[in-house]
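Reading the structure
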Amino acid sequence: MSIFSRTRDIVAANFADLLEKAEDPAKMIRMIILEMEETLVEVRASAARTIADQKEMRRHIAKLDGLQMSWTEKAELALSKDREDLAKAALVERQKAADMADQLKAEVQVLDDGLRASEEDIAKLQGKLREARSKQANVQTRLESANNRFRLREMYAGAKTHDAFSRFDVLERRVDEAEGRAEAMGLGAGPKSLEEQISDLRASDKVDADLAALKARLSGSNREG
């Protein structure tokens, strides 16, 4: 079903109101633009036919003007030969040609007025089409923004995100259990026995002795150098 029925309906249209009432603004603006483009094609085609009609009429007017001149010459010739009856008949024919030329000139004037109106309509339609395309870009931008917000909210609060965090909680629990087992291995280990402490002292004495020997060797090497 057509949104607009006439060119003046398009020119007078309030796109904001149309889009506000539309269930699907993006679809509505596409339909509006399509119909405006089709109307613009029709108006231009009509203007093209008017221009063609004017050209044809002007050719006929030029022929009629030539015919009037021809009948004038014939009337003059008839009078020069004392044939007033023929001269009068020639003038009658000249008048017929003049009347036809005047009628065509009047029709050309009507077509001129229509062509100027078509030119104004085309200019107005082009302006409204630019406005509609600007609205389309705005609607598309708002639609994309709304879709992006929806996807973000779905990401934050959606089932997939909730499931992912649930799995993460399970993983953290497993890590806690592994750390607990490691710490449990050290439970119950009391202080070192006497023998273990003496063994540690012997190991420490050996390390000290090795360190002293290393220092002495390095010191001797430095003196020799």
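Residues numbered from 1 in each chain as written. Predicted model: local features only at pLDDT ≥ 70, side-chain atom pairs only at ≥ 80, totals over all residues. Heavy atoms only, no water.

Attention now goes to the overall build of the chain. The helix and strand tally for the chain stands at six helices and zero strands. By residue count, 20% of the 225 residues in the chain fall in the buried class. Here the chain has roughly 17,500 Å² of accessible surface; of this, 55% comes from carbon and sulfur atoms. (Helix = DSSP H or I, 4+ residues; strand = E, 2+ residues; numbered from the N terminus. Buried < 20%, exposed > 50% of the residue type's maximum accessible area, 1.4 Å probe, protein only. Areas by Shrake-Rupley, 256 points an atom, 1.4 Å probe, with all protein chains shown as cover.)

Turning to the nonpolar core, a few remarks are in order. By size, the foremost hydrophobic cluster in this structure holds 11 residues: Met28, Ile29, Ile32, Ile33, Met36, Leu40, Val43, Ile122, Leu125, Leu129 and Ala132. Elements supplying a minimum of two residues to this core: α3 (25-80) and α4 (84-157). Within the second largest apolar cluster, eight residues are counted, among which are Met57, Ile61, Leu64 and Val108. (Core = buried A, V, L, I, M, F, W, Y, C linked by side-chain atoms within 4.5 Å.)

Attention shifts here to the pattern of salt bridges. For the structure shown, the criterion picks out six salt bridges. Close ionic contact of Glu93 with Lys96 constitutes a salt bridge, the shortest N to O distance being 3.4 Å. In this pair, Glu93 and Lys96 are both assigned in helix α4, three residues apart and thus about one turn of the helix distant. Residue Glu93 is classed as partly exposed on the basis of its relative accessible area of 29%. Note that Asp113 is salt-bridged to Arg116, the shortest N-O span being 2.3 Å. Here Asp113 pairs with Arg116, and both are found in helix α4, just three residues apart, close to one helical turn. (Salt bridge = Lys/Arg side-chain N within 4 Å of Asp/Glu carboxyl O.)

Scored by pLDDT, the chain comes out at a mean of 78, with 66% of its residues at no less than 70. Averaged pLDDT values over the elements of the chain bottom out at 61 in helix α1 (residues 7-12) and peak at 89 in α3. (pLDDT = per-residue confidence, 0-100.)

Here we come to the environment of Ile61. Within the element layout of this structure, Ile61 appears in helix α3. Spatially, the C-alpha atoms of Ile61 and Ala101 are 5.2 Å apart, while their sequence positions differ by 40 residues. Beyond its immediate stretch of four places on either side in the chain, Ile61 contacts Ala101, Leu104, Lys105 and Val108. (Contact = heavy atoms within 4.5 Å.)

Glancing now at the side chain of Ser118. Secondary-structure assignment places Ser118 in helix α4. Not counting residues up to four positions away in its chain, the partners in contact with Ser118 are Val43 and Ala47.

Moving on to unusual backbone geometry. The residue Asp82 is not glycine, and still its phi comes out positive at about 60°. Note on placement: Asp82 falls in the loop between α3 and α4. Classification of Asp82 as exposed rests on a relative accessible area of 72%.

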